[in-house]
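Examination of the molecular architecture
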Amino acid sequence: MKRVEITEEARKVVKQLKDRYGDLIFHQSGGCCDGSAPMIFEKDDMYLDESDIFLGEVVGVPFYMNQDQFEYWKHTHLTIGVTEGRGASFSLEIPLGIRFIIYSRILTEEEDAYFNPKSS
């Protein structure tokens, strides 16, 4: 089971960025700029700490979310897409005239039990 997926259009953009920049990392905070939009950076340009939660990989790129943001999204399945328009972040796709966006849906009961097991 995957918590994070990616559309075919977004996959092509990520591959293009990987070819240009090398190792990348997705991060979704909840802070400034584009708010809770997923952003992609060169791997060494993103500092992660204990407040960042690993949610999976898409196109070989790890996807992390800030813990505070994760509390709001922990019962959702995420799909990364792209849309036209320049975002207000430092994400690598911005100069291409597009930005990454998140489509979400509530996890199924099976997915929720898998990703968010209840403690006894």
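Data block above holds the structure.
First, a word on what this report is: a plain description of the structure on this page.

Reading guide: rules and limits
- Residues numbered from 1 in each chain as written.
- Predicted model: local features only at pLDDT ≥ 70, side-chain atom pairs only at ≥ 80, totals over all residues.
- Heavy atoms only, no water.
- Helix = DSSP H or I, 4+ residues; strand = E, 2+ residues; numbered from the N terminus.
- Salt bridge = Lys/Arg side-chain N within 4 Å of Asp/Glu carboxyl O.
- Buried < 20%, exposed > 50% of the residue type's maximum accessible area, 1.4 Å probe, protein only.

Within the chain, Val 59 stands out as a residue other than glycine whose phi angle is a positive 55°. Looking at the secondary structure, you find Val 59 in the loop between strand E4 (52–58) and strand E5 (61–66).

On to the pattern of salt bridges. Evaluation of the coordinates by the stated rule reveals 4 salt bridges. Glu 71 serves as the salt-bridge partner of Lys 74, at 3.1 Å between the closest nitrogen and oxygen. Classification of Lys 74 as partly exposed rests on a relative accessible area of 24%. Here Glu 111 makes a salt bridge to Arg 105, at a shortest N to O gap of 2.9 Å. For Glu 111, a relative accessible area of 10% corresponds to the buried category.

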